[in-house]
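Structure assessment
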Amino acid sequence: MEKRIEWIDELKGFLIFLVVVGHCIQYNVLQGMDIWQNPLFLLIYSFHMPLFAIISGYLFHSFSKRYTFLNGIKRKTLTILIPCLAWALCMYFFELVTYRRNFNLAVFVKSFPLYALNHNWFLWAIFYCSIVAFLCLFIDRKLFISTFLIILVCFCIPDYLNTINFKMMYIPFIVGYQLNEYRILEKLDSLKNARKNVFFILCLVVFVLNIVFFHKYESVWSFFSLRDITVFISALIRLISNLMCSICVLFVFYLCSQKHSSESTERFKLLSILGKNSLGVYMIQSFFFMPFVSNHFFICDMDNIYVRMIYGFVLSVLFTIICCGIIYLFKKSLYLKKIFLGDYK
């Protein structure tokens, strides 16, 4: 078993908590409002999911060296696909119970596949990215030409079976793969301290400039729509901006973790634990933001935005703790941890 990379676990823990915070803002704090006018929401959504995809691509690099194509697909099926289907099944029946609907087998067989695809979208995207990248490695070991071809194909295929999410995550996924292929982070770590400090400050400046100037451009989800050239260019700028923000956060986090590597084990222990359980947290937290549940936590009669944000943060911590508690219980069972958490250790 390959040894876990501590700083990646810490970064994943940080990101998965931001996922919960972002969802709390969207569904419990600012439900029905223009969430894109909220600075914290805007900040989180400028980098957190693309950076998760970059990390996935970074780890996929070593994964692709350890597994053959068939074994790799089998492993991804066990650790991503089966948990996605298991939690989607739970959500499906949870909705039946909460909305007091009758179970109909024919309706279930017809509707569940699409229902499952529309939940835990990021994991489906990473599953698709892994399969496509594995296939591309057969013909293009460096994944340069194949990536360009895949992007062109993405403009042609319809947004069906959740492919829109694959389209948006494949580019950062490959960026992560290339960062590992060319050992960019190791080269960054080899710089002298003065140059590291300059690079650190430069990353912060680039990140802030992207947040300030590029957040008003078209959503990245419009990039492959080809509605018109103006929308395409605007979405392209936003896509590049999100990638730059994600890479800047990655570099800053990496430099900080290496600078305090001797202290990081204790200092970021909670983040590391959260990162090791990020897949489980991601899937379980979705239950808190289903309409039936989130409406019970939504505050509609509180005008003070600062109080709302504090409430959202406290709620995020509470939801995260509950998720970790459920994961802890599931890990007590050999079968539950495999089916619901993809944990085969």
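The residue numbering used here restarts from 1 in each chain and proceeds along that chain's sequence as written. The model is predicted, so local features are restricted to residues of pLDDT at least 70 and side-chain atom pairs to those at 80 or more, both for listing and for counting; the totals for chains, interfaces and linings are taken over all residues. Excluding hydrogens and water, the side-chain values take into account all heavy atoms of the structure.

1. Overview of the overall build of the chain
Put simply, the rule reads: A run of H or I in DSSP becomes a helix once it reaches four residues, and a run of E becomes a strand once it reaches two; helices and strands are each numbered from the N terminus. Radius of gyration means the value over C-alpha atoms here, while the globule rule gives 2.2 Å times the residue count to the 0.38 power. Burial here depends on accessible area, computed with a 1.4 Å probe over protein chains only, as a share of the maximum for the residue type. Under 20% is buried, over 50% is exposed, and the range in between is partly exposed. It only takes one pair of heavy atoms within 4.5 Å for two residues to be counted as in contact.
Across its full length, the chain carries 17 helices and 0 strands. For 345 residues, the compact-globule estimate of 2.2 N^0.38 gives 20 Å, and the C-alpha radius of gyration of the chain, at 20 Å, lies within 12% of that figure. By principal-axis analysis of the C-alpha atoms, the chain measures approximately 65 × 55 × 50 Å. Expressed as a percentage of its 345 residues, the buried residues of the chain come to 50%. Contacts spanning at least 24 positions in sequence make up 77% of the contacts within the chain whose residues lie at least 6 apart.

2. Re unusual backbone geometry
Notably, asparagine 120 is not glycine yet its phi reads approximately 55 degrees, a positive angle. Tracing the backbone through its elements, the reader meets asparagine 120 in the loop between helix H5 (105-117) and helix H6 (121-139). You can call asparagine 120 buried: its relative accessible area is 5%. Although it is not a glycine, leucine 143 adopts a positive phi angle of roughly 60 degrees. Judged by relative accessible area, which is 1%, leucine 143 ranks as buried.

3. Overview of the nonpolar core
For the record, the criterion: What is meant by a nonpolar core is a set of buried Ala, Val, Leu, Ile, Met, Phe, Trp, Tyr and Cys residues, joined one to another through side-chain atoms within 4.5 Å.
In terms of nonpolar packing, the biggest core is built from 102 residues, with Leu51, Phe122 and Tyr170 touching the most fellow members. When neighbours within four sequence positions are excluded, tyrosine 170 is seen to be in contact with Cys129, Val132, Ala133, Cys136, Thr147 and Ile150.

4. What about the side chain of histidine 61?
Structurally, histidine 61 can be placed in helix H3 (residues 48-66). Sequence-distant contacts of histidine 61, defined by excluding residues within four places in its chain, comprise Tyr177, Asn180, Glu181 and Arg183.

5. Quick look at the pattern of salt bridges
We apply this condition: Salt bridges are identified by distance alone: a Lys or Arg side-chain nitrogen within 4 Å of an Asp or Glu carboxyl oxygen.
Inspection of the entire model under this criterion finds 4 salt bridges. Among the salt bridges present, the one from aspartate 9 reaches arginine 4, with a minimum N-O distance of 2.8 Å. Take aspartate 9: its relative accessible area is 2%, and that puts it in the buried class. With relative accessibility at 37%, the residue arginine 4 sits in the partly exposed group. When the shortest N-O distance is used, the salt bridge between aspartate 189 and lysine 196 registers 3.2 Å.

6. A word on a nonpolar patch on the surface
Here is the rule we go by: Residues forming no salt bridge and having over 30% relative accessible area are the ones grouped into patches, like charges within 9 Å of each other and nonpolar side chains (Val, Leu, Ile, Met, Phe, Trp, Tyr) within 5 Å. Per-residue accessibility takes into account occlusion by the displayed protein chains alone, with areas from the Shrake-Rupley method and a 1.4 Å probe.
Together, Phe144, Ile145, Phe148, Leu149, Leu152 and Tyr182 line one region of the surface with nonpolar side chains, adding up to about 610 Å² of accessible area. Tracing the backbone through its elements, the reader meets leucine 152 in helix H7 (residues 145-154).

7. A word on the layout of surface pockets
Using the following cut-off: A pocket, in this scheme, is an open set of points on a 1 Å grid over the protein atoms alone with protein on both sides within 12 Å along at least 5 of 7 lines, while a cavity is a set where a 1.4 Å probe fits but cannot get out; residues line either one if an atom lies within 4 Å of a point. Grid points are joined across faces, edges and corners, and a volume is the space filled by probe spheres set on the points. Just so you know the grouping, Ala, Val, Leu, Ile, Met, Phe, Trp, Tyr, Cys and Pro go in nonpolar, Asp, Glu, Lys and Arg go in charged, and all remaining residues, Gly too, go in polar.
Here the largest pocket is characterised by a volume of approximately 1,400 Å³. Around the largest pocket, the lining is made up of 48 residues, and of these Arg4, Lys12, Leu59, Arg66 and Lys76 lie nearest the centre. If you list the elements that add at least two residues to the lining of the largest pocket, you get helix H1 (6-29), H3, helix H4 (69-98), H6, helix H13 (269-276) and helix H14 (278-285). Among the elements that line the lining of the largest pocket, the one with the most residues is H3, at 12 residues. When its residues are assigned to classes, the lining of the largest pocket shows 23 nonpolar, 10 polar and 15 charged.

8. Examining the side chain of threonine 320
Checked against the element boundaries, threonine 320 lands in helix H16 (residues 305-330). Excluding residues that lie within four positions of it along the chain, threonine 320 makes contacts with Phe17, Val20 and Leu274.

9. Thoughts on helix H17 (residues 334-341)
What counts here: Taking the helix axis as origin, the arc is that swept by the directions to the C-beta atoms.
The complete set of buried residues in H17 reads Lys337, Phe340 and Leu341. Looking straight down H17, one finds its buried side chains confined to an arc of 90 degrees; they lie on one side. Within two residues after H17, glycine 342 carries a phi angle of roughly 60 degrees, on the positive side.

10. With respect to the packing of H3 against helix H8 (residues 163-181)
In plain terms, the rule: Axis definition: a line fitted to C-alpha atoms, limited for helices to the stretch in contact. Angles are taken between N-to-C directions and run from 0 to 180 degrees. Note on angle classes: values under 35 degrees are labelled roughly parallel, values over 145 roughly antiparallel, values of 65 to 115 roughly perpendicular, and the remainder oblique. Left-handed is the label given to a crossing in which the near helix is rotated counterclockwise from the far helix by less than a right angle, and right-handed is the label when the rotation is clockwise.
Across the interface, H3 lies against H8 with an axial gap of 6 Å and an inter-helix angle of 50 degrees. Our classification of the angle between H3 and H8 gives oblique. Considering only the axes of H3 and H8, their crossing is right-handed. Touching Met49, Pro50, Ala53, Ile54, Ser56, Gly57, Tyr58, Phe60, His61, Ser62, Ser64 and Lys65 of H3 are Met169, Pro172, Phe173, Val175, Gly176, Tyr177, Leu179, Asn180 and Glu181, all from H8. Residue classes in the contact of H3 with H8 are distributed as 12 nonpolar, 7 polar and 2 charged.

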